[in-house]
Amino acid sequence: MSNEKEARFESLLSQHKGILYKVARSYSYCLEDQRDLVQDITLQLWRSFDSYDPDLKLSTWVYRVAMNTAISFLRSDSIRKKYHITTDVMLIDEPQENGNEELMLEIQRMLQRLNKFDRAMFIMYSDGLDYAAISDVLKISASNVGTRVSRIKQQLNKEFFNR
Amino acid sequence: MNNVQDLTQLWAAQEKQLQQSVRLNTITLNEIRTHKAQHKMRGYLGLNVFSLIVGVLMASSSGYFILTHLDAIHMVLSGAVALLWSLLIFVGAILQLEKLFTLDYTKPVLDVQHKLNKIRLSALYFLRISLMILPFYFAYLLMFFDVVFGVDIYVLGDTNWLISQAAFSLLLGVLAVYLYRQLSPGNINKPLTKWLMQGFGSQAMEAAEELNQLEEFERYSEKKT
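Residues numbered from 1 in each chain as written. Chains lettered and ligands numbered in written order. Predicted model: local features only at pLDDT ≥ 70, side-chain atom pairs only at ≥ 80, totals over all residues. Heavy atoms only, no water.

## With respect to the overall build of chain B
When you go through chain B residue by residue, the secondary structure sums to eleven helices and zero strands. Tracing chain B from N to C terminus, the helices and strands come up as α-α-α-α-α-α-α-α-α-α-α. Relative to its full complement of 225 residues, chain B shows a buried share of 43%. The contacts in chain B between residues at least 6 apart in sequence include a share of 68% that link residues at least 24 apart. (Helix = DSSP H or I, 4+ residues; strand = E, 2+ residues; numbered from the N terminus. Buried < 20%, exposed > 50% of the residue type's maximum accessible area, 1.4 Å probe, protein only. Contact = heavy atoms within 4.5 Å.)

## Some details on the nonpolar core
If you look at the biggest cluster of nonpolar residues, it comprises 57 residues, and the most contacted ones within it are Leu 45 and Phe 122 of chain A. Not counting residues up to four positions away in its chain, the partners in contact with Leu 45 of chain A are Phe 9, Leu 12, Leu 13, Leu 20, Trp 61, Val 62 and Val 65 of chain A. In terms of nonpolar packing, the next biggest core, distinct from the first, is built from 14 residues, Tyr 44, Ala 93, Leu 100 and Leu 116 of chain B among them. (Core = buried A, V, L, I, M, F, W, Y, C linked by side-chain atoms within 4.5 Å.)

## Considerations on the packing of aromatic side chains
In total, this model carries 13 aromatic pairs over all chains according to the counting rule given. Relative to Phe 149 of chain B, the ring of Phe 145 of chain B has its centre 5.4 Å away and its plane inclined at 40°; by these criteria the two rings are tilted. In this pair, Phe 145 of chain B and Phe 149 of chain B are both assigned in helix H7 (residues 137–149), four residues apart and thus about one turn of the helix distant. Among the aromatic residues, ring-to-ring pairing joins Phe 9, Trp 46, Phe 49, Tyr 52 and Trp 61 of chain A into one connected group. Over the face of the ring belonging to Tyr 27 of chain A we find Arg 119 of chain A, whose NZ or CZ atom lies 5.2 Å from the ring centre. Here the basic side chain of Arg 128 of chain B rests over the ring of Tyr 180 of chain B, its NZ or CZ set 4.0 Å away from the ring centre. (Phe/Tyr/Trp six-rings, centres within 6.5 Å; stacked < 30°, edge-to-face > 60°. Lys NZ or Arg CZ within 6 Å of the ring centre and 35° of its normal.)

## Let's talk about helix H9 (residues 159–182) of chain B
Residue and element names in this part refer to chain B. The end-to-end C-alpha distance of H9, which contains 24 residues, comes to 35 Å, matching closely the 34 Å that a straight helix rising 1.5 Å per residue would cover. Every buried residue belonging to H9 is among Gln 165, Ser 169, Leu 172, Gly 173, Ala 176, Leu 179 and Gln 182, and all of these are buried. Structurally, the start of H9 carries an N-cap: the backbone nitrogen of Asn 160 is 3.3 Å from a side-chain oxygen of Asp 158. (Expected span 1.5 Å × (residues − 1). Polar contact = N/O pair within 3.5 Å; in protein donor to acceptor, adjacent residues only side chain to side chain.)

## Focus: the packing of helix H3 (residues 42–68) of chain B against helix H4 (residues 73–101) of chain B
All names here are of chain B. With their axes 8 Å apart at the nearest point, H3 and H4 run at an angle of 155° to one another. As judged from the angle between their axes, H3 and H4 are roughly antiparallel. The two elements H3 and H4 cross, and the hand of that crossing is left-handed. For the contact of H3 with H4, the class distribution of residues is 23 nonpolar, eight polar and no charged. (Axes fitted to C-alpha atoms, helices over the stretch in contact; angles between N-to-C directions. Parallel < 35°, antiparallel > 145°, perpendicular 65-115°, else oblique. Left-handed = near helix turned anticlockwise from the far one by under 90°. Nonpolar A, V, L, I, M, F, W, Y, C, P; charged D, E, K, R; others polar.)

Written as structure tokens, this is what we have:
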């Protein structure tokens, strides 16, 4: 294991740590889960780091790993808790501030209305990813991403804002 | 906040602000590296390895049975039924293990989640294959009596008894087809399927539900070629 690899991994994390936290916040319902999920994603990124495909944008690659880990994480709390490696090790420190908690609660309530896959799509859209990038992460065509995103927005406006 | 767009913008701004305050803890990288692989899939690995072993043992025994009974066509056919079933178990286990070992979280989300749910439904796959034995129970009966008691019940049985066995096989065949179709992830919302799948625990139920959700999502969003 070279120091060079470690340095590259650290640089990747430092560049894309926001994705990890955004995905973790969107797929977990308490701080403890969020912490566990960030750790799971970090471990999965480290394990997959050797197989990084340079043809893929780094953010797309990070999103794929993060989303796959988060969706699997959400699946079974009991299984996850049973086999989770208990540790205090955190490669990424928690944010120094918690932000607007009321806003986060509102966002979580909104996200809960979406199934896991629509949620994944909406998280990436809200993060400013273009349709082509979202399409690369999920493997559906970019035009369909556009259609779905607008339907999700319609659905949320109707169900969440009664508009 | 009046609509999703406003909320999304506020969210993006908040995430940006929070991102600034996340620090990278480089000291712990060495410790992270030493973590063992997660064990979430260990149960599925065990089930499939077990099925693989059962498949190999059954296939070898059936093959041996056929070779030692080449003079009696009904025994050869019985052995062939058992061999075919063992091969289905064997091939099924190999395919499931292949999915497990090639699971790559860096691949597109829909592909990975599809694979994961199929792995989580391993037990259901083996149950469906096992149902196929039902109409062929007589073949196993023949083999059992031959191996354990050295008796050929096909030769000893009278015509009426053999006809009744054939009729019973036919009934079991209908039942097997019905149950096979019911035990499909697509029928998860039907009460009978729910009841039949209870034995596999909540994991299989969730996997079936999620697979449906995923397939619905894929149907809706025409897949990229």
